[in-house]
Amino acid sequence: MGPTQKPNVCRQLSRRALGFFSRDAGVVQRTNLGILRVLVCQESTKFKNVWTTHSKSPIAYERGRIYFDNYRCCVSSVASEPRKLYEMPKCSKSEKIEDALLWECPVGEILPNPSDYKSSLIALTAHNWLFRISATTGKVLEKIYLASYCKFRYLSWDTPQEVIAVKSAQNKSSALARQAGIQQPILLYLAVFHVLPFSLIGILEISKKIFGNVTDATLSHGILIVMYSSGLVRLYSFQAIIEQFMQQKLDLGCACRWGGTAGTVGEAPFGIPCNIKITDSPPLLFEVSSLENAFQIGGHPWHYIITPNKKKQKGVFHICALKDNSLAKNGIQEMECCSLESDWIYFHPDASGRIIHVGPNQVKVLKLNEVENNSAQHQISEDFVILANREKNKNENLLTVTASGRVVKKKFNLLDDDPEQETFKIVDYEDELDLLSVVAVTQIDAEGKAHLDFHCNEYGTLLKSIPLEESWDVTYSHEVYFDRDLVLHIEQKPSRVFSCYVYQMVCDPGEEETTNRSCEKE
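Residues numbered from 1 in each chain as written. Predicted model: local features only at pLDDT ≥ 70, side-chain atom pairs only at ≥ 80, totals over all residues. Heavy atoms only, no water.

Chemist: Pulling in residues and values, what's your account of the sheet that holds strand E19 (residues 284-289)?
Modeler: Two pairing modes exist for strands in a sheet, parallel and antiparallel, and in both the strands are linked by backbone hydrogen bonds. Here we have 4 strands laid out as an open sheet, ordered E14-E15-E16-E19, and antiparallel in their pairing. Every interior strand has two partners, whereas the edge strands, strand E14 (214-220) and E19, have only one. Taking the axes of each pair of neighbouring strands and ignoring which way they run, one obtains an average angle of 20° across the sheet. Bridge count between E14 and strand E15 (residues 223-228): 6 bridges; the pairing is antiparallel. When the sheet's bridge partners are listed, Leu219 is paired in E15 with Leu224. Contacts between helix H5 (residues 238-245) and the sheet are confined to E14, E15 and strand E16 (232-237), with E16 contributing the most and set at about 60° to the helix. (Pairing = 2+ DSSP bridges. Helix = DSSP H or I, 4+ residues; strand = E, 2+ residues; numbered from the N terminus. Axes fitted to C-alpha atoms, helices over the stretch in contact; angles between N-to-C directions. Contact = heavy atoms within 4.5 Å.)

Chemist: Requested: an account of the confidence of the model for the protein, with residues and values cited.
Modeler: Mean pLDDT over the protein: 87, with 84% of residues reaching 70 or higher. Every residue in residues 511-515 scores below 50 in pLDDT, and together they form 7 contacts with partners more than four places removed in sequence or on other chains. (pLDDT = per-residue confidence, 0-100.)

Chemist: Let's hear about unusual backbone geometry: which residues, and what values?
Modeler: Residue Ala268 is joined to Pro269 through a cis peptide bond whose omega torsion reads 0°. Structurally, Pro269 is set in the loop between strand E18 (261-264) and E19. The omega torsion of the bond from His300 to Pro301 falls at -5°, within 30 degrees of zero and hence cis. Topologically, Pro301 is positioned in the loop between strand E20 (295-298) and strand E21 (303-306). For Asn128, which is not a glycine, the phi torsion comes out positive at approximately 70°. In this fold, Asn128 is placed in the loop between strand E7 (120-125) and strand E8 (129-134). Taking relative accessible area as the criterion, Asn128 reaches 4% and is therefore assigned buried. (Buried < 20%, exposed > 50% of the residue type's maximum accessible area, 1.4 Å probe, protein only.)

Chemist: Requested: an account of the nonpolar core, with residues and values cited.
Modeler: Leu130, Leu146, Phe152, Ile164, Val166, Phe193 and Ile272 are the most contacted members of the largest nonpolar core, which has 31 residues in total. For this core, the secondary structure elements donating two or more residues are strand E6 (97-103), E7, strand E10 (152-159), strand E11 (163-168), strand E12 (186-194), strand E13 (199-207) and strand E17 (255-258). Top element by residues in this core is E12. It accounts for 4 residues. (Core = buried A, V, L, I, M, F, W, Y, C linked by side-chain atoms within 4.5 Å.)

Chemist: Break down the layout of surface pockets for me, citing the residues and quoting the values.
Modeler: Roughly 1,500 Å³ of internal volume is contained in the largest pocket. The wall of the largest pocket is formed by 35 residues, among which Trp157, Pro160, Ser220, His221 and Pro349 lie closest to the centre. Contributing elements (two or more residues each) for the lining of the largest pocket: strand E2 (60-62), E6, E15, E16, E19, E20, strand E30 (423-430) and strand E34 (477-483). Looking at the lining of the largest pocket, its residues break down into 21 nonpolar, 6 polar and 8 charged. (1 Å grid on protein atoms, 1.4 Å probe; cavity = no way out; pocket = protein on both sides within 12 Å on 5 of 7 lines; lining within 4 Å. Points joined across faces, edges and corners; volume = space filled by probe spheres on them. Nonpolar A, V, L, I, M, F, W, Y, C, P; charged D, E, K, R; others polar.)

Chemist: Just give me the short version of the side chain of His451, but keep the residues and values in it.
Modeler: Mapping His451 onto the fold places it in strand E32 (residues 447-456). Side-chain polar atoms of His451 contact the side chain of Asp453, separated by 2.9 Å. Look past the residues within four positions of His451 in its chain and what remains in contact with it is Glu422, Val438, Val439, Ala440, Ser465, Ile466, Pro467 and Leu468. (Polar contact = N/O pair within 3.5 Å; in protein donor to acceptor, adjacent residues only side chain to side chain.)

Chemist: Can you lay out empty space enclosed by the protein for me, pointing to particular residues and giving the numbers?
Modeler: Scanning the entire structure with this criterion turns up 1 cavity of 30 Å³ or more. Considered as a void within the structure, the largest cavity measures approximately 60 Å³ in volume. Considering the residues around the largest cavity, the lining is formed by Pro301, His303, Ala321, Lys323, Ser326, Leu327, Ala328, Ala376, Gln377 and His378. Mapped by element, the contributors of at least two residues to the lining of the largest cavity are strand E23 (327-334) and strand E27 (374-387). Per element, the largest residue contribution to the lining of the largest cavity is 3 residues, and it comes from E27. Taken together, the residues that form the lining of the largest cavity break down as 5 nonpolar, 4 polar and 1 charged.

Chemist: So what's going on with the pattern of salt bridges? Which residues, and what values?
Modeler: Counted by the stated rule, this structure contains 18 salt bridges. Between Glu87 and Arg72 there is a salt bridge, and its shortest N-O distance comes to 3.1 Å. Highlighted residues: Glu87 in strand E5 (residues 83-87) and Arg72 in the loop between strand E3 (65-68) and strand E4 (73-76), separated in sequence by 15 residues. The exposure class assigned to Glu87 is partly exposed, which follows from its relative accessible area of 41%. Overall, the relative accessible area of 11% leaves Arg72 in the buried class. Among the ionic contacts, a cluster of salt bridges with common partners joins Arg63, Glu104, Glu432 and Arg484. (Salt bridge = Lys/Arg side-chain N within 4 Å of Asp/Glu carboxyl O.)

Chemist: With reference to specific residues and values, describe the packing of aromatic side chains.
Modeler: As enumerated under the stated definition, the model contains 13 aromatic pairs in all. With a centroid separation of 6.1 Å and 80° between ring planes, the pair formed by Phe47 and Phe454 is classed as edge-to-face. Here Phe47 is found in strand E1 (residues 45-55), whereas its partner Phe454 is found in strand E32, with 407 residues between them in sequence. The same class applies to Phe47 and to Phe454, which are both buried. Geometrically, the ring pair formed by Tyr67 and Tyr71 is tilted, given 5.3 Å between the ring centres and 45° between the ring planes. A single burial state applies to Tyr67 and to Tyr71, both of which are buried. Here the aromatic cluster, defined as three or more aromatic residues joined through ring pairs, consists of Phe47, Phe454 and Phe482. Lying over the aromatic face of Trp129, Lys143 brings its terminal NZ or CZ to 5.4 Å of the ring centre. (Phe/Tyr/Trp six-rings, centres within 6.5 Å; stacked < 30°, edge-to-face > 60°. Lys NZ or Arg CZ within 6 Å of the ring centre and 35° of its normal.)

Chemist: Summarise the sheet that holds E34; cite the residues concerned and give the values.
Modeler: Taking strand neighbours across the sheet as the criterion, the 4 strands line up as E1-E36-E35-E34 in an open arrangement whose pairing is antiparallel. This sheet does not close on itself; its edge strands, each paired only once, are E1 and E34. Put simply, the sheet's adjacent strands are angled 15° from each other on average, direction ignored. With 8 bridges connecting them, strand E35 (residues 486-493) and strand E36 (residues 497-507) associate as antiparallel partners. Counterpart to Glu491 in the pairing with E36 is Ser499.

Below you can see the structure in the form of C-alpha cells.
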C-alpha cells in the first residue's frame, strides 16, 4: 500500500466552516480529531511542561481532570494552565472517598434531570456510601447507603458507562477461628447497579460453601468471574444467577421489611439487604487454569489468552479459541528476552481484534486471521513491530587479573532491560487520535531519561517523539497519560510522595516543518 496523502488542515477547516459535514455530527467530530492529530504530530509542535505539583496522597487522572486528596480536590487540565474546579469540604478518615469512576452522559437516552446530562463522579466512601458527584462543581447529586454487614472497597464497570459493580473487602478467617474450626461462610459481596438514574440490580454473596476457597471474584460484561489460588478461573452468567437465585427484587427509596427489620432501601441505617443468595452450584459457562489467574478474552472471533499454570512457563502465552479451546496456529507466543521484568500481552483496546505483546526492547502488534483453506482455524501473525533504539549486539568486556598478573578479558551480554539501554516501560492507545503511545526510558549517568513516542496505530510508523523533562527512576511507580493535546506523568516516590507533571501542546510558528512523517507502511 502506498503512502497515505497527508490531510490539508486549511482545506478541512474551510469545508467545516461551509457546512460540508452538517448532516452528520460524527463526521464533524472525526474531522476535528483528524486536524488535531496532524497538529500533534507535526515537527514544529512541542509539548511544554506547564505545571508540576506534589502531594502526600495519591493523584488520579480522568478525562481532563486531576484528582487530589482522595478525590476531594479536582483540577482541570484543559486550560492553558491547570485550574481548580472545586474542593469538597474536609472530612474524617472514615468518610474519605476510597474509589471512584467517571460517568459520562450516554447518547440517545432521555434522563430525568438536566444535571444528568453532565459528567458525574461515582464515588465510594470508607463508610459504605455511594455518591454521585457533579464532575464540575463537586456537589453531591445522589447518595445511597450500601450496608453495615460488610466493608465495600472497590468500584468497577460491569458494562462501561451503564452498569457498575461495588465489591467488598474479602472476609478472611483469623488464625484463632481456623484453630476453632470456624469458617467464614461469606467470602465477599458484589453490589450491582444501573447508573443514571441509579437503580439496584442486586447484591450477590460469594460463599465458601458454593464456590470453595475463592481468592477473588468480579463482574465483567454480565459474566461473573471467580478465581482460585490454584490458578483456576471459572465463568458464570450473572443474568442466569439473578433469574435463579434472587430472593426478592428491591427498589431504591422504597420501604422494605427484611429479616424482621424494616427500613428504606438505600438509606441509613437500613441500607440494602443481600437479595441474591446462591444455594446451589450455578451453571458453569467456562473454566480454565492459568498462572496467577491471568486470563483475557477478545479478538474476532472470540479467543482467550492464558499462561500455562507452571512457574517455569511464566512469559509464555497461549492464544486459544473460546468455542473449543483449540490452540491457534502460531498461538504460542514467547518473547525471547532475558530481563528482570517479564513481558506482557493484551488484546488491543481499539476493538480491531489484534493483540499487543510488549517486551523490554520491542512491541509486537499481532493479528488474528483465518488459516488459508480452513476457515474453522485461525492463526497468529505479525502486523508490525516497534523496536527500541539500541546498538546491535551490544556487550560488555569484563577484565579480571589472575594471580600471575595476566589480564583476562571476558565478554557478556547485557540484560534486555538493562537501564543503560532504551527500554519500553508503558504502551497505551489514544482512541480519539488513533495513536499508540510508547514510553521508552534510558539510564544516562546517574538518572533515567524518558521520552513518549507516538506511533501510527495502523502501520506502527513513528510520527512524533516527546522528551520528558523530569528524571525517571525505574524503581518508582509511574503512570503516563496521553489525552488529545495533553501529556500527564504521575510518579510515586518512596514515603508516599506523589508528583504530577503536566505537558500541553504548543505550536511554534517560528519553526518550519522540515520533515513530513506520514502514517504509512514502511
